[in-house]
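# A closer look at the structure
Each chain is listed here by its residues.
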Amino acid sequence: MELQWPLILFTTLAAWSVGVFGTQSLLALKGEGKKSQTTCWIVAAVLLVVSGIAVFLHLQHWERIFNGFGHITSGITQELIAIVVLAVIAIIYLACLRRSDDGGSVPSWCAICGIVIAVVLDCVMAHSYMMDARPAWNSIVEILSIIGASCILGPATVSIIEEMKDGGVSAINASANFIGSIVAAVTSIGYLIVMAMSNSAFTQIDYYFDPVHPTHGMVDLANITPFGSGSVGLTIVTIVCALVPIACAYMGKKKGNWKMWGTIALVAGLACAICLRVVFYQMGASMYALYSL
């Protein structure tokens, strides 16, 4: 399938945005990282806005996007609802920050709402790509891979900001980096394996053969795998970049230099997320039913 770079950027940047917001909400829930809260909020907001711009670049006639908002079951409508809810919670969150005595505290209920909406937006955004016609996309692991991206991009970004603003990274964020990097690695590599297994769906005769040319397959199974000749390079890069943040989280916690190790983890996590989405589109071959029963 042709690469859709605006959508690749949208999903990556949106996951990055909610990762930052979710992480700062976790810190606020624990009463940590007070001096970095406002900066984290600004970074999350900018990332979300840029991701929204990327969506519009995907559309040849962007004004027609509003035609899809009348259907509650459409993915774009559900994404819009989740983003609006996130925006409302984020504004309330910022207001609580500004009204707090120390400028970096929010009520527990607000912090919990921030964490919940971050996970919800990831799930809604990823779910909109799940469809029966594309076997490699139609998996719960695809949703988990987006959540995994947030789990490393968010803590890594916040650790850099926290080091600069608070003079050090809190224990809860150091743990979030380590756990998040493991979650990101497991979900990313796991999804590569799921996509590799998905090509078995094309072996069904009622889906696999072209009715005009019944002896010729509609897709080239040799290339509908992350480990095929067209994707093996990106797959290797994805796996390596998925493992690097784990080492960075360990070194950051051991050495305390989160500016360096957090930056390396962020770059590697970003590369992993983008490469995984590129493989995702390369594996996006469709099945077409010959007969309807």
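The following refers to the structure shown. Given the structure is predicted, the values throughout are model-derived calculations rather than measurements.

### Overview of the pattern of salt bridges
In total, this model carries 2 salt bridges according to the counting rule given. For Asp 102, the salt bridge identified is with Lys 34, shortest N-O distance 3.0 Å. In this pair, Asp 102 is assigned in the loop between α3 (75-99) and α4 (108-127) and Lys 34 in the loop between α1 (5-29) and α2 (37-57), connecting sequence segments 68 residues apart. One salt bridge connects Glu 142 with Arg 277, and the closest N-O pair in it is separated by 3.3 Å. Highlighted residues: Glu 142 in helix α5 (residues 140-166) and Arg 277 in helix α9 (residues 258-282), separated in sequence by 135 residues. With relative accessibility at 0%, the residue Glu 142 sits in the buried group.

### Remarks on a nonpolar patch on the surface
A contiguous nonpolar surface patch, about 530 Å² in accessible area, is contributed by Phe 178, Ile 179, Ile 182, Val 183, Val 186 and Tyr 250. Here the nonpolar patch gets 5 residues from one element, more than from any other, and that element is helix α6 (residues 171-197). Take Val 183: its relative accessible area is 31%, and that puts it in the partly exposed class.

### Points about the nonpolar core
Burial of nonpolar side chains together is a common tendency in soluble globular proteins. In terms of nonpolar packing, the biggest core is built from 64 residues, with Phe 21, Tyr 93, Val 106 and Met 195 touching the most fellow members. Secondary structure elements with two or more residues in this core: α1, α2, α3, α4, α5, α6 and α9. Sort the elements by how many residues they give to this core and α1 lands first, with 12 residues. Here Val 106 is in contact with Ala 28, Tyr 93, Cys 96, Leu 97 and Ala 111, once residues within four sequence places are set aside.

Analysis parameters
Residues numbered from 1 in each chain as written. Predicted model: local features only at pLDDT ≥ 70, side-chain atom pairs only at ≥ 80, totals over all residues. Heavy atoms only, no water. Salt bridge = Lys/Arg side-chain N within 4 Å of Asp/Glu carboxyl O. Helix = DSSP H or I, 4+ residues; strand = E, 2+ residues; numbered from the N terminus. Buried < 20%, exposed > 50% of the residue type's maximum accessible area, 1.4 Å probe, protein only. Patch = residues over 30% accessible without salt bridge, like charges linked within 9 Å, V, L, I, M, F, W, Y side chains within 5 Å. Areas by Shrake-Rupley, 256 points an atom, 1.4 Å probe, with all protein chains shown as cover. Core = buried A, V, L, I, M, F, W, Y, C linked by side-chain atoms within 4.5 Å. Contact = heavy atoms within 4.5 Å.

This is a description of form; function is not addressed.
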